[in-house]
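So the chains spell out like this:
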Amino acid sequence: MVWNSTGDFYFHNKQNVENIITYQLTRIYQDNFITEEEALFKVDLQEIFDLSFDQMNDYSKKEASLSIQQGADPTDLDVFFTQKEYFKLKSASI
């Protein structure tokens, strides 16, 4: 297999990459708060797997959504939700 363009590793190993990212994000979000060290670790994961900001943010949204449903403050979660997504989450947790 030849790796010749950006994102090839992710493309050819997507399931393995997703498993690793999901495992790490589950661990990071388990206390419903993201420290500065954890936020930097997320950036490292993004770089290691050559993911765009949006790709990594989409993975983070899944775990952050669970934290918000458990009462976490979204500003403590190092994730970006659109206004529509945020209010949909908030209304679901009421």
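As a reminder, the structure under discussion sits directly above these lines.
It should be emphasised that the depicted structure is a prediction, and the values quoted were computed from it without experimental measurement.

## Quick look at the overall build of the protein
Working step 1: Scanning the protein for helices and strands turns up five helices and zero strands.
Working step 2: Order of helices (α) and strands (β) in the protein, N terminus to C terminus: α-α-α-α-α.
Working step 3: Counting all 94 residues of the protein, 35% fall into the buried class.
Working step 4: Accessible surface for the protein amounts to roughly 6,400 Å². Of this, 54% is attributable to carbon and sulfur atoms.

## Notes on the packing of aromatic side chains
Working step 1: All told, the structure shown has one aromatic pair when counted by the stated rule.
Working step 2: Between Tyr 86 and Phe 87 the ring centres are 5.3 Å apart and the planes differ by 70°, which places this aromatic pair in the edge-to-face class.
Working step 3: For Tyr 86, a relative accessible area of 25% translates into the label partly exposed.
Working step 4: Note on Phe 87: relative accessible area 48%, which makes it partly exposed.

## Things to note about the pattern of salt bridges
Working step 1: Going through the model one piece at a time under the given rule, you end up with four salt bridges.
Working step 2: Here Lys 61 and Glu 85 are joined by a salt bridge, their closest N and O atoms 2.8 Å apart. Of this pair, Lys 61 sits in helix H4 (residues 53–69) while Glu 85 sits in helix H5 (residues 83–92), and the two are 24 residues apart along the sequence.
Working step 3: Overall, the relative accessible area of 28% leaves Glu 85 in the partly exposed class.
Working step 4: Among the charged side chains, a salt-bridge network with shared partners connects Asp 58, Lys 61 and Glu 85.

Rules of the game
Residue indices follow the written sequence of each chain, beginning from 1 at its first position. Side-chain atom pairs in this predicted model are given and counted only at pLDDT of 80 or more, local residue features only at pLDDT of at least 70, and totals for whole chains, interfaces and linings cover all residues. Side-chain numbers here rest on the full set of heavy atoms in the structure, without hydrogens or water. Where helices and strands are cited, they refer to DSSP runs of H or I of at least four residues and of E of at least two residues respectively, numbered from the N terminus. For every residue, the accessible area obtained with a 1.4 Å probe (protein chains only) is divided by the maximum for its type, and the residue is called buried under 20%, exposed over 50%, and partly exposed between those limits. Here the open area of atoms and residues is found with the Shrake-Rupley method and a 1.4 Å probe, where only the protein chains shown may cover a residue. Working definition: rings of Phe, Tyr and Trp (its six-membered ring) pair if their centres are within 6.5 Å, and the pair is stacked with planes under 30 degrees apart, edge-to-face with planes over 60 apart, and tilted otherwise. The term salt bridge refers to a pairing of a side-chain nitrogen on Lys or Arg with a carboxyl oxygen on Asp or Glu at a separation within 4 Å.

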